[in-house]
Amino acid sequence: MPKRKQQAEEDSPSVDEEQQYKSDSSSSTSDSDAPLPDSEESSDDEAGEAFQQVDVDFGFYCPQEKDFLGMRTLMQNYLDGQEWACSDMVEAIIAQGDSAGVGSVIKCGEEEDPIGVSTVLNLARHADATPLRQLRDFLLAAAGSTHRRRLEQAWAAPATGLIINERLVNSPPELSEPLQTSLFGEVQEAAEDEELSKEERQCFDLQQFLMVVRAYTDPSQQPDKAAGGSGVGAGSSKQQQQQKRKKAQALAQAQAEGVVHFLPEAECYQAAADWSFCFPAADRVAGEGELQPCRVVMLISSAAAATARTQLATLLQAAQDE
Amino acid sequence: MASRVAFENSNDVGVFAQLTNAYSIIALGAAENFYSVFEAELADHIPVIKTSVAGTRLVGRMTVGNRNGLLLPNTTTDQELMHIRNSLPDEVVVQRIDERLSALGNCISCNDYVALIHPDIDKETEEIVADVLGVEVFRQSIAGNVLVGSYCKFTNQGGIVAPQTSVEDLDELSSLLQVPLVAGTVNRGSDVIGAGLVANDWVSFCGLDTTTTELSVIESVFKLRESNPAKIVNEMRASLIDSMI
């Protein structure tokens, strides 16, 4: 076990990402004065001329006991304001980080407090744990009739993992790609790690992933209710099955419309998901005409996740090149 | 006896409750099991008052008191003041004070004999604290933090201070306060002691996340294991009757 920990610690310097946060406000002001000379100034000066660049270091570290309080704060509202056993959940995340080296906390610069946490939990392994039972009840209650059965099936399947991906809203989008790469890389390594026991290795041999993220819905672009309401038929012939698959994909795409993500990886995952649904977030309210906060639940197979990740990479590359 | 309790999924018991040797004040709006834990331990010996302070539930952080008196911030409403005065025994002096630093629980930490206050508190307030609470007042900071009420908690038996406190500071404070002090944490590594727990001479409540080690440190430094609540409360009564005669 010490070897694994050391490996994880050695990993973190190489995974340390130096992120450059480019401000795009300076390029968009059309009738501004002459641009400021290149400087490291990190705040607007009195004249209102926008800053050029801010260099911020982010690091991904193994979840440890000292991060307990920060992680607990991040996970506290996972069930939209309901009381739940988040301390037990955070303990499970820390234990997994210790034993299998799966999961990361994101820290900014020299700060000790985590600004984000990311990990994968095998649902079958932790099925009896109170926090997961509470989460399951919460999601089933929020799921519509079409998705309840799918969710139950996915939850009961032996190789399903729950991706926990929480971070502060204003985290830069450039964090998403290295985070996803490292997370899935760690899962892969854990599935093949000789030092872990066979059951632990099997736990990380995951075929599909369940993800619950925060997003916004645009009330002016609601998906067609008719498309969303179509149930799953009981056809058995091949043609009907093909039609069902096409319908399911169209359904998934219809569900994805009208949803505005602030996590770039969530957008790519939802586009590649087997199915997804969203429900309004109970603990946050927004005014009329504004984007409404919601939660999106999606199931994605591991192969589709890999394609989504390459798509995410291209998306972010394009954004950076602008 | 140290117990673990949670106020609506928050481990910060010291924010929502105030506990002294003569009375206890709890915020409104908690689940019944929070009240029942408090009342089970306390109701037989001291009055347990449910109220808001300044319209908020942060009664632990807005007020400060000991068995001699209670200080309320200037934002306390008249009804709240009335309600608290009526519910407390007559021996306890209740005073609303005009102080810029209105979160008194964060700025002042006291037991029945000594108080530590925020270095920037007004001279007038310091005099009122000495008068109403019947204590000797010292302006101090703890481990560089001026919010003495948040980063330490001490009773007549002992106290806990924030873990960053140096050994020299700890010795100095201990000799000022004349009680044994220990540097520790509460609620699984939180260094905000005053917000994380409440304690008096015979009982203490801390958050659900508090580890067994932290709990045993709390019990030993506050000397809660051999405590006898009836004896402590009666001692107070005996001394009062003495003075009337």
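Residues numbered from 1 in each chain as written. Chains lettered and ligands numbered in written order. Predicted model: local features only at pLDDT ≥ 70, side-chain atom pairs only at ≥ 80, totals over all residues. Heavy atoms only, no water.

## Section: the confidence of the model for chain A
Detailed reading of the predicted model is not advised wherever pLDDT is low.
1) Next: For chain A, per-residue confidence averages 77 on the pLDDT scale, and 73% of positions sit at 70 or higher.
2) Next: Counting interchain partners and residues more than four positions distant, the pLDDT-below-50 stretch residues 1-44 of chain A has 63 contacts. (pLDDT = per-residue confidence, 0-100. Contact = heavy atoms within 4.5 Å.)

## A look at the pattern of salt bridges
When their charged atoms lie close together, side chains carrying opposite charge are able to pair.
1) Next: This model, assessed by the stated rule, comprises 15 salt bridges over all chains.
2) Next: Arg225 of chain B is paired through a salt bridge with Glu219 of chain B; the nearest N and O atoms lie 3.1 Å apart.
3) Next: On the accessibility criterion, Glu219 of chain B (16% relative accessible area) is buried.
4) Next: A cluster of three or more residues bridged by salt bridges with shared partners is formed by Glu65 and Glu91 of chain A together with Arg188 of chain B. (Salt bridge = Lys/Arg side-chain N within 4 Å of Asp/Glu carboxyl O. Buried < 20%, exposed > 50% of the residue type's maximum accessible area, 1.4 Å probe, protein only.)

## Some details on the sheet that holds strand E13 (residues 181-183) of chain B
Residue and element names in this part refer to chain B.
1) Next: Spatial ordering of the open sheet is given by E11-E12-E13, a layout of 3 strands whose pairing is mixed. With partners counted over all chains shown, the strands left at the sheet margins are strand E11 (152-154) and E13, one partner each. Taking each pair of neighbouring strands and ignoring which way they run, the sheet shows an average axis angle of 20 degrees.
2) Next: Relative to E13, strand E12 (residues 159-161) runs parallel, the two sharing 3 bridges. Residue Ile160 lies in a different strand from E13, and its bridge partner there is Val182.
3) Next: Together, E11, E12 and E13 form the strand contacts of helix H8 (residues 167-177), whose direction differs from that of E13 by roughly 150 degrees. (Pairing = 2+ DSSP bridges. Helix = DSSP H or I, 4+ residues; strand = E, 2+ residues; numbered from the N terminus. Axes fitted to C-alpha atoms, helices over the stretch in contact; angles between N-to-C directions.)

## Some thoughts on a negative patch on the surface
1) Next: Together, Asp55, Asp57, Glu110, Glu111 and Asp113 of chain A line one region of the surface with negative charge.
2) Next: Among the structural elements, Glu110 of chain A can be located in the loop between strand E3 (104-108) and strand E4 (114-122). (Patch = residues over 30% accessible without salt bridge, like charges linked within 9 Å, V, L, I, M, F, W, Y side chains within 5 Å. Areas by Shrake-Rupley, 256 points an atom, 1.4 Å probe, with all protein chains shown as cover. Lys, Arg positive; Asp, Glu negative; His and termini not counted. Charge placed at Lys NZ, Arg CZ, Asp CG, Glu CD.)

## Comments concerning the packing of helix H11 (residues 264-272) of chain A against helix H12 (residues 302-321) of chain A
All names here are of chain A.
1) Next: Between H11 and H12, the shortest axis-to-axis distance is 9 Å and the interhelical angle comes to 135 degrees. As far as their axial angle goes, H12 and H11 are oblique. Between H11 and H12 the crossing geometry is right-handed. Contacts from Pro264, Glu265, Cys268, Tyr269 and Ala272 of H11 reach H12 at Ala304, Ala305, Ala308, Arg309, Gln311, Leu312 and Leu315. (Parallel < 35°, antiparallel > 145°, perpendicular 65-115°, else oblique. Left-handed = near helix turned anticlockwise from the far one by under 90°.)

## Quick look at the pairing of E3 of chain A
For a regular strand, side-chain orientation follows a simple rule: the groups alternate between the two sheet faces.
Residues and elements named next belong to chain A.
1) Next: Within E3, 4 of the 5 residues are buried, which leaves it mostly tucked inside the rest of the structure.
2) Next: Two elements, strand E2 (residues 53-61) and E3, share 4 bridges in a ladder whose sense is antiparallel. Along E3, the bridge assignment pairs Tyr61 with Val105.
3) Next: In the sheet, E3 pairs with E4 via 4 bridges, with the strands oriented antiparallel. By the bridge assignment, Val105 is partnered in E4 with Val117.
4) Next: Linking E3 back to E4 in an antiparallel pair, the connection comprises 5 residues, with Gly109 at a positive phi of about 60 degrees.

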